[in-house]
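Observations on chain architecture
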Amino acid sequence: MVTELSAARVPVGVTGAGEWVYLTREGGWSSLAASYPVFLVTVLQQGAAFHSDLRARLVAAGLPPSMADTFPVASSIRLGLTWPTEFWQQAALDWLEREGGDEAFLPELKALVHTGGTQRIRHTARQLGRAAR
């Protein structure tokens, strides 16, 4: 195990092949990329500290800190952008404003322009979408 995510403290680790996995309720390990678990959205709460914290945890586990760059953050962002509540929508937009990479989320940003929970969310989605084009 490398870290824990969400209030439920879901154990997350990385396989010898470099695949990020999490411990399921049934007790087995499942791929984060393949199963797209909803708790991934909680990564957005950590903001800019996420990668530095993950790097430190990787080092503590005897793994190269560069593995933090392979964590499926895009899944977290996509979940936040498509989540039905304003909190996660705004958290995902804040992440994109800070970290960039908005071009990968153009469909989600276009949808938020019309369905975002607040005027601020709709406006930010429009700005990010324009900047990505």
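Scroll up to find the structure.
A brief look at the structure comes next. Every chain is numbered independently, its residues counted from 1 as its sequence is written. A pLDDT threshold of at least 70 governs which residues receive local features in this predicted model, and a stricter bar of 80 or more applies before side-chain atom pairs are shown or counted, although totals over entire chains, interfaces and linings include all residues. Here the side-chain values reflect all heavy atoms present in the structure, with hydrogen atoms and water set aside.

Some thoughts on the side chain of Q89
Note the following rule: Note on conventions: DSSP H or I runs of at least 4 residues are helices, E runs of at least 2 residues are strands, and numbering of each starts at the N terminus. Between buried and exposed lies partly exposed: a residue is buried under 20% and exposed over 50% of the maximum accessible area for its type, with that area taken using a 1.4 Å probe on protein chains only. The contact criterion used is simple: two residues touch if any of their non-hydrogen atoms lie within 4.5 Å.
With respect to the element layout, Q89 can be found in helix α5 (residues 86-99). On the basis of relative accessible area, Q89 is assigned to the buried category, the value being 5%. When near neighbours in sequence (up to four residues on either side) are disregarded, Q89 contacts G80, L81, W83, P84, L112, T115, G116, G117 and I121.

Quick notes on α5
The condition is simple: The span one expects for a helix is its residue count, reduced by one, times 1.5 Å.
The first and last C-alpha atoms of α5 sit 20 Å apart over 14 residues, in line with the 20 Å expected at 1.5 Å per residue. Turning to α5, its buried residues number three or more, namely W88, Q89, Q90, A91, A92, L93, W95 and L96. In this fold, the buried residues of α5 make contact with α2 (43-46), α3 (49-60), α4 (73-82), α6 (106-115) and α7 (119-132). Phi turns positive one or two residues past the end of α5, at G100, with a value near 80 degrees.

Re the packing of aromatic side chains
Stated precisely, the cut-off is as follows: In this scheme Phe, Tyr and Trp rings, the latter by its six-membered ring, pair at centre separations within 6.5 Å, and the angle between planes marks the pair as stacked below 30 degrees, edge-to-face above 60, and tilted otherwise. Comment: the charge-over-ring label is applied if NZ (Lys) or CZ (Arg) is within 6 Å of the ring centre and within 35 degrees of the ring normal.
For the coordinates displayed, the defined rule picks out five aromatic pairs. Ring centres of Y22 and F39 lie 5.1 Å apart, and the angle between their planes is 70 degrees; this geometry places the pair in the edge-to-face category. Highlighted residues: Y22 in strand β3 (residues 20-23) and F39 in the loop between α1 (32-35) and α2, separated in sequence by 17 residues. When its relative accessible area of 12% is taken as the criterion, F39 is described as buried. Among the aromatic side chains, those forming a connected cluster through ring pairs are W20, F50, F71 and W95. The ring of W95 carries R98 above its face, with NZ or CZ at 5.1 Å from the centroid.

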